[in-house]
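Examination of the molecular architecture
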Amino acid sequence: MDNISVLVVGNGMVGHKFIDNILASEAADNVQLITFSEEPRLAYDRVQLSAYFSGKTEQDLALTDEAYYRQHKVDFLLDTKVISIDPTAHTVLTDKGNTLAYDKLVLATGSYPFVPPIPGNDQPHCLVYRTIADLEAITESSCHSQCGVVIGGGLLGLEAANALKNLGLETHVVEFAPRLMAVQLDEGGANLLRHQIEALGVQVHTQKATTEIVSGEQSRYRLNFADGTHLETDMVVFSAGIRPQDELARQAQLAVGERGGIVINDFCQTSDPDIYAVGECALWQGRIFGLVAPGYTMAAVAAAHLSGGELAFKGADMSTKLKLLGLDVASIGDAHGQTEGAQSYTFHDEIAQVYKRLVVNQAGDRVLGAVLVGDVSAYGQLLQMMLNDMPLPDHPSALILPQVEGEGAAGMGVEALPASAQICSCYDVSKGDVAAAVANGATDMAMIKSCTKASTGCGGCSALVKQVMDSELAALGHEVDNSLCEHFAYTRPELVDIVRIKQIRSFDELLASHGKGLGCDVCKPAVASILASFWNDYILDDAHIGLQDTNDIYLGNMQKDGTYSVVPRIAGGEVTPDKLIVLGEVAKEFDLYTKITGGQRIDLFGAQLHQLPLIWRKLVDAGFETGHAYGKSVRTVKSCVGDAWCRYGVKDSLGFAIDIENRYKGLRSPHKLKFAVSGCTRECAEAQSKDVGIIATEHGWNLYVGGNGGMRPRHAELFATGLDDQTLIRYIDRFLMLYIRSAERLQRTSVWIENLEGGLEYLKSVVIHDKLGLADELEAEMAGNIAKYQCEWKTTLENPEKLKRFKHFVNAEQEDSYLAYEVKRSQRMPAKSSQIIDVLTVE
């Protein structure tokens, strides 16, 4: 293949996917790629766009970066629009006045939001929902709005409604059709979806045709409807569908469809064979495909054809599984039963709020489609049965009926799927691809994702991918040993149950009854944490001695030079001037390095072992207590000033943060825990990056769970909204104790939730809806833990025997004389290693 220049107009998800496919092909060295982005940023994940309102940043959503493109010699022009094509000269012209030549041109221009021609639709605060810039505009508008209306009740419309609700606005959805998601859902599914959405506080208005947008009396605008009714709002977000971005093709006189879209053949070529079109701008056999997976398939086809391959586009399945306002919804194939002779089975549980419809062919032996609302656990199985034309079981209705306890699941397992079965549609990963990855050494989901990219797109296939992985591992004879260590043939959750149910109070007792040997550095601190989580005894009791890590043993964090840091609790970051003076006096007296932490605490570094009790005495006498910075426990509760001082605050976030910290202080857990409370949706306390995040809205508290920093930073997920103080506390109690009970050793809340069967939705069912009947028990366990709280510094100071351990030498009073320091920025810091060597040499 000769060297050729390929221009890619559009750097969205599909445009970037085309580039990735070219770079991965054998023709990569012979292709010079140049891509244009109308936005000031490179490709990002539009499928997860609504997560921007849950705390994800541009960087989180990014699919690539400038360094990646430079590394692979891909030229890119940001904030640049191609305004015309000259097919004869093989050139394009940009809005910056630049003319660039091409050998092949790929149009990945996508689509644009359709804004109905309603008088008044171009006013300020009348917005669309499509790009990061649109989301920024919506966020800005929300700062000056109380109410928001989304015009459009389809997929994107409900995503937009979720965004407005998360921003704390009174939210309405206005839909012209008689039901929500009319394309994907039948009447029964749409009715249940509407009921659930309205229960969340979003008001739905169907069969409403907006005739004009005028000034309102109570709000900024008033929407007048054709039926004579009206609705007032401060913001309008249009999400009434998309239109293919085909103006370049029209200008270049390429063939376009009667209703828009660039006509392509099976190889994604337009009417000009040197110009390709992929994604939502492309029209194949009269169809526009508005999902990312078909766009990715087109990108693969175009890249293959351009490189000399014969891969062809043969259409795409438009089945979808998604979460709308926290509700699971799925649509498969012929969801409306429009195929001749189609029959259906329907299951509707009004109490559990579940609706399922299974559409089968006239013979009753093949799946044609399905609608699932509230419970989409059957999605992967039904989709594979439809896509692979697999026979139905003798009683097809069992596929959508609840499983009876003690009976096996109906239908087939993943073993019955052919190797060609598509498991991940976003990246076209087959069962055979996953099997090959396992055969080559991939033994967990992280490795599967890394080598196949399966479940890294929309994420809807993750459960099925794991099932295939587990099945393949079992077929290869792999057996995963989840034992805590060689001394206990149990997982941490199993040991938790043993300790809790049998009321075991010491490591020796547990080892004698359920273990063997003497224990090790893995099981000892793990069991110590379990015992502390339930019984909250003094951590330096004789029964617990020898179990803890170094930090717990000395109730302080050991630093690299062998000294310790002292971190007193400053609940919510609130501290009086008198207490600040005490901290300054202590730091000055013991020459401690002083730093304010990101968790609104004050760290005092450089305390020698024998100084710890002396420092604690001064702090405890001043009203301070241990901040448990040394333990796998509740560390901090970060807060803003809330409505006490801030003009944007809607609730007393500071006071609530202090109450929260005082409630859970000292709680031991599988990993450290961090909280935050923000007084409004501006999120100054960064609550959405914490294990437990709380944000005030005008409708109550919003609760987020499962966020963390560390080596794998995660944003927390929205768990519940509009909570009063008491309900919020109950949910946190249950969440924390369930985590303590069932997480693995050193497993953070984010990973724990990821690994839960059913994930966040299962967690909600247990914590909010008490699915397992554990709510009272979990709350009682938390109450028992709280009742036994003690300041470990104070308890140690009152015990002369325990104070004996705080010496450098057992039989002498000498201090550590091998510490070397230097002064930086007016404070003492550990000297560099070379300086320490010099000191040792002199002595």
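Everything in this summary refers to the structure shown in the same document.

Rules used in this analysis
- Residues numbered from 1 in each chain as written.
- Predicted model: local features only at pLDDT ≥ 70, side-chain atom pairs only at ≥ 80, totals over all residues.
- Heavy atoms only, no water.
- Core = buried A, V, L, I, M, F, W, Y, C linked by side-chain atoms within 4.5 Å.
- Buried < 20%, exposed > 50% of the residue type's maximum accessible area, 1.4 Å probe, protein only.
- Helix = DSSP H or I, 4+ residues; strand = E, 2+ residues; numbered from the N terminus.
- Contact = heavy atoms within 4.5 Å.
- Pairing = 2+ DSSP bridges.
- Axes fitted to C-alpha atoms, helices over the stretch in contact; angles between N-to-C directions.
- Patch = residues over 30% accessible without salt bridge, like charges linked within 9 Å, V, L, I, M, F, W, Y side chains within 5 Å.
- Areas by Shrake-Rupley, 256 points an atom, 1.4 Å probe, with all protein chains shown as cover.
- Salt bridge = Lys/Arg side-chain N within 4 Å of Asp/Glu carboxyl O.
- Lys, Arg positive; Asp, Glu negative; His and termini not counted.
- Charge placed at Lys NZ, Arg CZ, Asp CG, Glu CD.
- 1 Å grid on protein atoms, 1.4 Å probe; cavity = no way out; pocket = protein on both sides within 12 Å on 5 of 7 lines; lining within 4 Å.
- Points joined across faces, edges and corners; volume = space filled by probe spheres on them.
- Nonpolar A, V, L, I, M, F, W, Y, C, P; charged D, E, K, R; others polar.
- Expected span 1.5 Å × (residues − 1).
- Arc of directions from axis to C-beta.

1. Looking at the nonpolar core
In this structure, F18, L33 and L107 are the most contacted members of the largest nonpolar core, which totals 94 residues. At eight residues, the largest contribution of residues to this core is made by helix α8 (residues 292–306). Beyond its immediate stretch of four places on either side in the chain, L107 contacts V9, I85, L248, L254, I262, I275, Y276, A277, V278 and C281. Among the nonpolar cores identified, the runner-up in size contains 60 residues, and L495, V496, L511 and W701 belong to it.

2. Quick look at the sheet that holds strand β23 (residues 343–349)
Taken in spatial order, the five strands of this open sheet run β21-β22-β25-β24-β23, and their pairing is antiparallel. Across the chains shown, the open sheet's two edge strands, defined by having one partner strand only, are β21 (320–324) and β23. Within the sheet, the average angular offset between the axes of one strand and its neighbour, ignoring direction, is 10°. Relative to the sheet, helix α6 (residues 187–199) contacts β22 (327–333), β24 (354–360) and β25 (367–373), its axis offset from that of β25 by approximately 15°.

3. Considerations on unusual backbone geometry
The backbone phi angle of K73 is positive, close to 60°, even though this residue is not glycine. Along the chain, K73 turns up in the loop between α3 (66–71) and β3 (75–77). A relative accessible area of 66% places K73 in the exposed class. Its identity as a non-glycine residue notwithstanding, N536 has a phi of 50°, on the positive side. Tracing the backbone through its elements, the reader meets N536 in the loop between α15 (523–535) and α16 (550–553).

4. A look at the environment of E258
Of note, E258 is situated in the loop between α7 (247–251) and β18 (262–264). Exposure remark for E258: the relative accessible area of 84% places this residue in the exposed category. On a C-alpha basis, the gap between E258 and L540 in space is 79 Å, while along the polypeptide they are 282 residues apart.

5. What to know about a negative patch on the surface
Taken together, D643, D652, D659, D724 and D725 make up a surface patch of like negative charges. Judged by its relative accessible area of 38%, D652 is partly exposed.

6. So, the sheet that holds strand β33 (residues 673–678)
Strand order in the open sheet formed by five strands is β32-β33-β34-β35-β36, with mixed pairing between adjacent strands. Two strands close off the open sheet at either side, each with one partner strand: β32 (634–639) and β36 (717–723). Direction aside, the axes of adjacent strands within the sheet are offset by 15° on average. Here four bridges tie β33 to strand β34 (residues 692–697), and the two strands are oriented parallel to one another. Bridging across to β34, S678 finds its partner in I695. With respect to the sheet, helix α19 (residues 653–664) is in contact with β32, β33, β34 and β35 (700–705), its orientation differing from that of β32 by roughly 175°. Packed on one face of the sheet, helix α22 (residues 759–767) meets β35 and β36 and runs near 35° to β36.

7. Quick look at the layout of surface pockets
Counted as a void, the second largest pocket has a volume near 520 Å³. When contributions to the lining of the second largest pocket are tallied by element, the ones reaching two or more residues are α4 (132–142), β34 and β35. Here the residues of the lining of the second largest pocket sort into eleven nonpolar, 13 polar and five charged.

8. Focus on helix α17 (residues 577–589)
If you check α17, its first and last C-alpha atoms are 18 Å apart, about what 13 residues at 1.5 Å a residue would give, namely 18 Å. Within α17 the residues assigned to the buried category are V582, L583, V586 and A587. Taken end-on, α17 shows its buried residues confined to a sector of 130°, consistent with a single buried face. α17 presents P577, D578 and K588 as exposed residues on the side facing more than 90 degrees away from its buried surface. Buried residues along α17 sit in contact with β30 (593–596), β31 (602–607) and α18 (612–621). Once α17 ends, the next one or two residues include D591, with phi positive near 55°.

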